[in-house]
Amino acid sequence: MNLLTFTIDQEAAPLRIDRYLAEQCPEFSRSYLQKLLKEQKVTADDKPVKANYKIQPGVQIQVEVPDMEVPDILPENIPLDILYEDDYLLVVNKPKGMVVHPAAGHTEGTLVNAVMAHCGDNLSGINGVLRPGIVHRIDKDTTGALVICKEDSVHRDLAEQLKEHSIKRRYRAVVQGNLKEDEGTIEGPIGRHPTDRKKMAINHKNGKPAVTHYKVLERFGQYTYIECRLETGRTHQIRVHMKHLGFPLIGDYLYNPDMEYMTRQALHSHKLIFKHPITGEPMRFTAPLPDDMLQVLTMR
């Protein structure tokens, strides 16, 4: 356990303790600080306080921060296709068939296992739990660019960029059918499918807002090659939105079981654009299209 101590300045203005801690402890999210307050791990002159407590001049604030939980994940020497690396972050081109983060049924061979072997102890851990560098995810059979964080401050900054939609993500996909419009926008809240727990669906009652912009790159008659730009990052977002539009991804056996051509959904994280959290420099990365999608695009 770590104990953080702050003595309120005599000239300090009244301020709620949750806001004060958010300013003093930028390494923690507001939700994590709220959790510490609810668990009575924040005291003012040794007395537990709630989130609405207003700081008083001269009072000593103490915050008990539990030791970081380390998940039972083992490093594995799995080759990585690295697009970029520096002391703060890593951008990789994830192959098809690789799960990003260990979960039930997938405890080995994941991107996290590979990254832990590559980076050692140089990975971010946020809110008291070591989540090795992962800011955003893509599906097991979706390929392409992902950013990994090596420091907490970098993780927080990129997570904020993601929240503010300032990280630009461009996906390439191949959908069934001939899209009539050259470009368009799909808006529809996404949540769990009401009867099939493996699927997501447009869910107006329990879904979260989701927006996908698409642009036609090339038409092939029976299928269309498109680029998608995400404003939000919901699970299966592009797959669900294109299915809802009537143009499901080819090879997507969850949402389009009758379509062939590929053994997985034709979806690739093609471009990733963000501001470097340390240098402020604009960063642009392009992951080359995988062979299976290139093969589809050469069919006539």
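Predicted model only: the values in this text are computed from it and were never measured.

Cut-offs and rules
Residues numbered from 1 in each chain as written. Predicted model: local features only at pLDDT ≥ 70, side-chain atom pairs only at ≥ 80, totals over all residues. Heavy atoms only, no water. Buried < 20%, exposed > 50% of the residue type's maximum accessible area, 1.4 Å probe, protein only. Helix = DSSP H or I, 4+ residues; strand = E, 2+ residues; numbered from the N terminus. Contact = heavy atoms within 4.5 Å. Pairing = 2+ DSSP bridges. Salt bridge = Lys/Arg side-chain N within 4 Å of Asp/Glu carboxyl O. Phe/Tyr/Trp six-rings, centres within 6.5 Å; stacked < 30°, edge-to-face > 60°. Core = buried A, V, L, I, M, F, W, Y, C linked by side-chain atoms within 4.5 Å. Axes fitted to C-alpha atoms, helices over the stretch in contact; angles between N-to-C directions. Parallel < 35°, antiparallel > 145°, perpendicular 65-115°, else oblique. Left-handed = near helix turned anticlockwise from the far one by under 90°. Nonpolar A, V, L, I, M, F, W, Y, C, P; charged D, E, K, R; others polar. Polar contact = N/O pair within 3.5 Å; in protein donor to acceptor, adjacent residues only side chain to side chain.

Asker: Would you mind showing me how to read helix H1 (residues 17–24) here?
Answerer: Structurally, the α-helix is built with 3.6 residues per turn, so residues lying three or four positions apart point the same way. Where H1 is concerned, the buried positions are Ile 17, Asp 18, Tyr 20, Leu 21 and Ala 22. The inward-facing, buried residues of H1 contact strand E1 (2–7), helix H2 (30–38), strand E2 (42–44) and strand E4 (60–65).

Asker: Help me understand the sheet that holds E2, please; the structure alone is not making it clear to me.
Answerer: In sheet architecture, strand pairing relies on hydrogen bonds along the backbone and comes in two forms, parallel and antiparallel. Judged by pairing direction, the sheet is antiparallel, and its four strands sit side by side in the order E1-E4-E2-E3 without closing on themselves. One side of each edge strand has no neighbouring strand; the edge strands of this open sheet are E1 and strand E3 (47–48). Taken together, the six bridges between E1 and E4 define a ladder with antiparallel strand orientation. In the sheet register, Thr 7 faces E4, and the bridge partner there is Gln 60.

Asker: I tried to follow the pattern of salt bridges on my own but got confused; where do I start?
Answerer: Side-chain pairs of opposite charge can arise whenever the charged atoms involved come near each other. Enumeration over the complete set of coordinates arrives at nine salt bridges. Residue Asp 18 is joined to Arg 16 by a salt bridge in which the shortest nitrogen-to-oxygen separation is 2.9 Å. Where Arg 264 meets Asp 292, a salt bridge forms, and the shortest distance between an N and an O atom there is 2.9 Å. Of this pair, Arg 264 sits in the loop between helix H5 (237–245) and strand E14 (267–275) while Asp 292 is found in helix H6 (residues 291–297), placing the two residues 28 residues apart along the sequence. Both residues of the pair, Arg 264 and Asp 292, belong to the buried class. Taken together, the salt bridges that share partners define one network made up of Lys 96, Arg 264 and Asp 292.

Asker: Sorry if this is basic, but what is going on with the packing of aromatic side chains here?
Answerer: Each aromatic ring pair is summarised here by two numbers: the centre-to-centre distance and the angle between the ring planes. Evaluation of the coordinates by the stated rule reveals five aromatic pairs. Relative to Tyr 20, the ring of Phe 6 has its centre 6.1 Å away and its plane inclined at 90°; by these criteria the two rings are edge-to-face. One end of the pair, Phe 6, is in strand E1; the other, Tyr 20, is in helix H1, and 14 residues separate them in sequence. For Phe 6, a relative accessible area of 16% corresponds to the buried category.

Asker: Help me understand the nonpolar core in this model?
Answerer: As a rule of thumb, soluble globular proteins bury nonpolar side chains together. Counting residues in each nonpolar core, the largest one holds 30 residues, and the members touching the most others are Leu 111, Leu 179, Ile 226, Ile 238 and Met 242. Residue assignment for this core shows that the elements contributing at least two residues are strand E6 (89–94), helix H3 (111–119), strand E7 (143–149), strand E8 (168–176), strand E12 (211–219), strand E13 (223–230) and H5. Element by element, the count of residues in this core is highest for H3, at five residues. Excluding residues that lie within four positions of it along the chain, Ile 226 makes contacts with Tyr 171, Arg 172, Ala 173, Val 175, Leu 179, Tyr 214, Lys 215, Val 216, Leu 217 and Met 242. The next biggest cluster of nonpolar side chains, apart from the first, holds 22 residues, and it includes Leu 33, Ile 61, Val 63 and Val 65.

Asker: Looking at this model, I keep getting lost on the pairing of E12. Mind explaining?
Answerer: Walk down a regular strand and you will see the side chains alternate between the two sheet faces. Alignment of strand E9 (residues 183–187) against E12, held across five bridges, turns out to be antiparallel. Among the inter-strand pairings, Ile 186 is bridged to a residue of E12, identified as Thr 212. Pairing analysis gives seven bridges linking E12 to E13, with the strands arranged antiparallel. In the sheet register, Tyr 214 faces E13, and the bridge partner there is Cys 228. Between the antiparallel neighbours E12 and E13 lie three residues, among them Gly 221 with a positive phi of about 85°.

Asker: How do you make sense of the packing of H1 against H2 when you look at a structure like this?
Answerer: Packed helices, taken two at a time, are described by their axes: the angle between them and the distance between them. Axis separation between H1 and H2 bottoms out at 10 Å; the angle between their running directions is 130°. For the element pair H1 / H2, the angle class is oblique. Our pair here, H1 against H2, has a crossing hand that is right-handed. Contacts from Ile 17, Asp 18, Arg 19, Leu 21 and Ala 22 of H1 reach H2 at Arg 30, Leu 33, Gln 34 and Leu 37. Residue composition of the contact of H1 with H2, grouped by class: five nonpolar, one polar and three charged.

Asker: Would you explain the environment of Arg 234 in this entry?
Answerer: Tracing the chain through its elements places Arg 234 in the loop between E13 and H5. Along the chain, Arg 234 and Ala 13 lie 221 residues apart, while their C-alpha atoms are 40 Å from each other. Each residue touching Arg 234, except ones within four places of it in the same chain, is listed here: Ile 190, Lys 208, Pro 209 and Ala 210. Polar contacts involving the side chain of Arg 234 include one to the main-chain carbonyl oxygen of Pro 209, which spans 2.7 Å.

Asker: Can you walk me through the environment of Lys 163 in this structure?
Answerer: Relative to the elements of secondary structure, Lys 163 occurs in helix H4 (residues 152–163). Sequence separation between Lys 163 and Glu 231 is 68 residues; the distance between their C-alpha atoms is 9.6 Å.

Asker: Looking at this structure, I do not really get the side chain of Glu 227. What am I missing?
Answerer: Mapped onto the elements of the fold, Glu 227 is located in strand E13. Assessed through its relative accessible area of 12%, Glu 227 is described here as buried. A distance of 3.2 Å separates polar atoms of two side chains, one belonging to Glu 227 and the other to Arg 172. Apart from the residues lying within four places of it in its own chain, the contact partners of Glu 227 are Arg 170, Tyr 171, Arg 172, His 213, Tyr 214, Lys 215 and Leu 217.

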